[in-house]
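A closer look at the structure
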Amino acid sequence: MTAGLYPVRNILILHGPNLNMLGSREPEIYGSATLAEIDRNLAHLAEQDGVNLTAFQSNAEGELIDRIQKAATDGVDFIIINPAAYTHTSIALRDALAAARLPFIEVHLSNIFARESFRRESYFSDLALGVISGLGAQGYELALRYALAMR
């Protein structure tokens, strides 16, 4: 999963559990932007660069795994993932990312390293090209800009 091996034309944004509640869920931690606003902003940035962007959110671990497995065969070149609570619990999601062999960036709205101790462990960080944590919705944008720069 090395950056820059091929052009990035299709990017998948994966949002884990409870991110559908953004905007109303603990805005002091996660910010006031809704998931729809984040996805709309990312789609606009990708479109300006001529890149296809697909966003997918699920509260179900199996649906996220299915989407990652599909990404390995449907032309996705790069994944930006916020695994949310699955960051700290899902070996199955980690295995799916490893099997897909697609480059990805792990994004977290809050600084997981400044929160409860159980949030400081990630099953994904060692596989990721990078981790963006604590920059709110802008973290997604920074991850996307990195992916776009790989072209």
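The numbering scheme is per chain: residues are counted from 1 as the chain's sequence reads. This being a predicted model, a pLDDT of at least 70 is required before a residue's local features are given, and a value of 80 or more before pairs of side-chain atoms are given or counted; all residues contribute to the totals for chains, interfaces and linings. Calculated side-chain values reflect all of the structure's heavy atoms, with hydrogen atoms and water omitted.

1. Focus on the sheet that holds strand β4 (residues 104–108)
As a reminder, the rule being used: Here the rule is simple: two strands pair whenever DSSP picks up at least two bridges between them. Put simply, DSSP H or I for four residues or longer makes a helix, DSSP E for two residues or longer makes a strand, and each gets a number counted from the N terminus. Working convention: axes come from line fits to C-alpha atoms, limited for helices to the stretch in contact. Angles between N-to-C directions cover 0 to 180 degrees. By the convention used here, residues are in contact when the closest approach between their heavy atoms is within 4.5 Å.
What the five strands build is an open sheet, ordered β2-β1-β3-β4-β5; its pairing is parallel. Two strands bound the open sheet, and with one partner strand each, they are β2 (52–57) and β5 (130–133). Each strand axis lies, on average, 15 degrees off the axis of its neighbour in the sheet, ignoring direction. Helix-sheet contacts for helix α5 (residues 138–149) involve β1 (10–15), β2, β3 (78–82), β4 and β5, and the interaxial angle to β3 is about 165 degrees.

2. As for the pattern of salt bridges
Note the cut-off: In the sections that follow, a salt bridge refers to a side-chain nitrogen of Lys or Arg positioned within 4 Å of a carboxyl oxygen of Asp or Glu. Summary of the burial criterion: residues with accessible area below 20% of their type's maximum are buried, those above 50% are exposed, and those between are partly exposed, where the area comes from a 1.4 Å probe applied to protein chains only.
All told, the structure shown has three salt bridges when counted by the stated rule. Salt-bridge contacts for R94 lead to D126; the nearest nitrogen and oxygen are separated by 2.6 Å. Residue R94 is found in helix α4 (residues 91–100), and its partner D126 is found in the loop between β4 and β5; the two are separated by 32 residues along the sequence. Given the relative accessible area of 22%, R94 is considered partly exposed. For R145, the salt bridge identified is with E141, shortest N-O distance 3.1 Å.

3. Concerning α4
In an α-helix, one turn spans 3.6 residues; hence positions three or four apart end up facing the same way. Our working definition: What the arc covers is the set of directions going from the helix axis to the C-beta atoms.
Considered for burial, the residues of α4 that qualify are L93, A96, L97 and A100. For α4, the angular spread of the buried residues around the axis is 95 degrees, confining them to a single face. In this structure, the buried residues of α4 make contact with α3 (61–71), β3 and β4. Once α4 finishes, R101 follows within two positions and takes phi at roughly 55 degrees, a positive value.

4. A word on α3
Where α3 is concerned, the buried positions are L64, I65, R67, I68 and A71. Around the axis of α3, the buried residues are gathered within 160 degrees of arc, so they sit on the same side. As for α3, its buried residues are in contact with β1, β2, β3 and α4.

5. Regarding the packing of helix α2 (residues 35–48) against α5
Applied cut-off: In what follows, roughly perpendicular refers to angles from 65 to 115 degrees, roughly parallel to angles under 35, roughly antiparallel to angles over 145, and oblique to any angle outside these ranges. In a left-handed crossing the near helix is turned counterclockwise from the far helix by less than a right angle, and in a right-handed crossing that turn is clockwise. Ten residue types, Ala, Val, Leu, Ile, Met, Phe, Trp, Tyr, Cys and Pro, are classed as nonpolar, four, Asp, Glu, Lys and Arg, as charged, and the remainder, Gly among them, as polar.
It is at 10 Å that the axes of α2 and α5 come closest, and there the two elements cross at 20 degrees. Our classification of the angle between α2 and α5 gives roughly parallel. Between α2 and α5 lies a crossing of right-handed hand. For the pair α2 and α5, contact is made by I38, N41, L42, L45 and A46 and by Y140, E141, L144, R145 and L148, respectively. Its residues assigned to classes, the contact of α2 with α5 shows seven nonpolar, one polar and two charged.

6. Some points on unusual backbone geometry
One non-glycine residue, N18, lies in positive phi territory at about 75 degrees. The topology assignment puts N18 in the loop between β1 and α1 (27–30). The phi dihedral of R101 is positive, around 55 degrees, even though this residue is not glycine. Mapping R101 onto the fold places it in the loop between α4 and β4. Overall, R101 belongs to the exposed group, its relative accessible area being 64%.

By themselves, these observations are geometric and do not establish any function.
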